[in-house]
Amino acid sequence: MTRFAKALWFTSAGKCEIRPVELPSPGPGEVLVRTLYSGVSRGTESLVLRGGVPANQHDVMRAPFQEGDFPWPVKYGYLNVGVVEHGPLLGRTVFCLYPHQTHYVVPADAVTPVPDGVPAERAVLAGTVETAVNALWDAKPLIGDRIAVVGGGMVGCAVAAVLARFPGVRLQLVDADPSRASVAAALGVDFASPDRATGDCDLVVHASATEAGLERSLSLLAPEGEVLELSWYGDRRVSVPLGEFFHSRRLRLRSSQVGVVARPDRTYAERMALALDLLADPVFDALITGESDFDDLPSVLPGLASGELPALCLRVTYGSAHR
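A quick note: this is a predicted structure, and the numbers were derived from the prediction, not measured.

**Observations concerning the pattern of salt bridges**
Then step 1. For the structure shown, the criterion picks out 20 salt bridges.
Then step 2. A salt bridge links Asp235 to Arg50, with the nearest nitrogen and oxygen atoms 3.2 Å apart. Separated by 185 residues along the polypeptide, Asp235 in the loop between strand 14 (221–229) and helix 7 (245–248) and Arg50 in the loop between helix 1 (42–49) and strand 4 (67–68) bring together distant segments of the chain.
Then step 3. Residue Asp235 is classed as partly exposed on the basis of its relative accessible area of 44%.
Then step 4. With a closest N to O distance of 2.8 Å, Asp202 and Arg146 form a salt bridge. Of this pair, Asp202 sits in strand 13 (residues 201–206) while Arg146 sits in strand 10 (residues 146–150), and the two are 56 residues apart along the sequence.
Then step 5. Given the relative accessible area of 26%, Arg146 is considered partly exposed.
Then step 6. If you follow the salt bridges from partner to partner, you end up with Glu224, Glu226, Arg250 and Arg252 in one network.

What follows is the structure in structure tokens.
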């Protein structure tokens, strides 16, 4: 019996649509998953929606189960939580780096069981928290460090939420949007606008994806300090102030990217399992600030990408999509 699912495709600049997908029958070692929730990674998916992935990064930016090629049409996404309906792990709730789709078939080792103490609704953040874990493995913060996170989007807030667990750190979330103050408060983190941020930092994690944010991040550093750059600018070029105080303070600027595990003694699977374990803390619910039905995504995503709809993580529900 042929089985069909529905999937979201990015089709042209600012446009997306839902298309039928014919599902293969699961073979040995494969699982059939029914999606419960997915999450929209606003920064990356907005960039894909506008066609902003540079040509020389098309291969690097491919999601694990992406179909189609950049710029369009492309089936893209990587925050998916569902329940296994056939194969190993039958009946288990699992996380998978899969696009927005009602059902899918993947190898069993491509899914990670969601711990019993983590609600499926929150587990959509696993890919984002995984990015935060990798960033902090790169940054190697120390007890007592003075740290700022510049950019209160999904990734920046996830980094701040994890850093809030570190003992003795002075931590501040910095964002130009005053509404992020309430998110910072929910995370238990101090908040400041860029002009009021506390300087003399040992570490600044930059995640605003703006030129002004990067410049401010460098200015907040103490001598010998480091900016860890998490922003993905796509095809945009940014100006970096490498004169002035950059040399006199002996500052460092380095990148972090989740495509490579930042610790050689850990695997991709171990990193993902750690991210899911961290999500047992309900404080991460503050990162989910909007919800949409799957069938409404073609009308919702353009507004999210343009900023008309304010949201950190937009959680997608699939109740009506399965009927």
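**Looking at the sheet that holds strand 11 (residues 170–174)**
Within a beta sheet, neighbouring strands are joined by backbone hydrogen bonds and run either parallel or antiparallel to one another.
Then step 1. Taking strand neighbours across the sheet as the criterion, the six strands line up as 12-11-10-13-14-15 in an open arrangement whose pairing is parallel. With partners counted over all chains shown, the strands left at the sheet margins are strand 12 (190–192) and strand 15 (252–255), one partner each. With strand direction ignored, the average angle separating the axes of adjacent strands in the sheet is 20°.
Then step 2. Bridge count between strand 14 and strand 15: four bridges; the pairing is parallel. Residue pairing in the sheet places Val227 in a bridge with Leu253 of strand 15.
Then step 3. Seen against the sheet, helix 5 (residues 180–187) touches strand 11 and strand 12 and runs at an angle of roughly 160° to strand 12.

Rules behind the numbers
- Numbers given for residues are sequential positions, taken from 1 along each chain in its written order.
- Per-residue local features of the predicted model are confined to residues with pLDDT of at least 70, and side-chain atom pairs are confined, for both listing and counting, to 80 or more; whole-chain, interface and lining totals are unaffected and use all residues.
- Side-chain metrics in this entry use all non-hydrogen atoms of the structure; hydrogen atoms and water are not considered.
- Put simply, a salt bridge is a Lys or Arg side-chain nitrogen that is within 4 Å of an Asp or Glu carboxyl oxygen.
- Only runs of H or I of at least four residues qualify as helices and only runs of E of at least two qualify as strands under DSSP, and these elements are numbered from the N terminus.
- For every residue, the accessible area (1.4 Å probe, protein chains only) is compared with the maximum for its type, and the residue is labelled buried under 20%, exposed over 50%, or partly exposed between those bounds.
- Being paired, for any two strands, means DSSP has found at least two bridges between them.
- The axes used here are C-alpha line fits, helices contributing only the stretch in contact, and every angle between their N-to-C directions lies in the interval 0 to 180 degrees.
- Throughout, a contact is declared for two residues whenever any of their heavy atoms are within 4.5 Å.

Just geometry here; none of it tells us what the structure is for.
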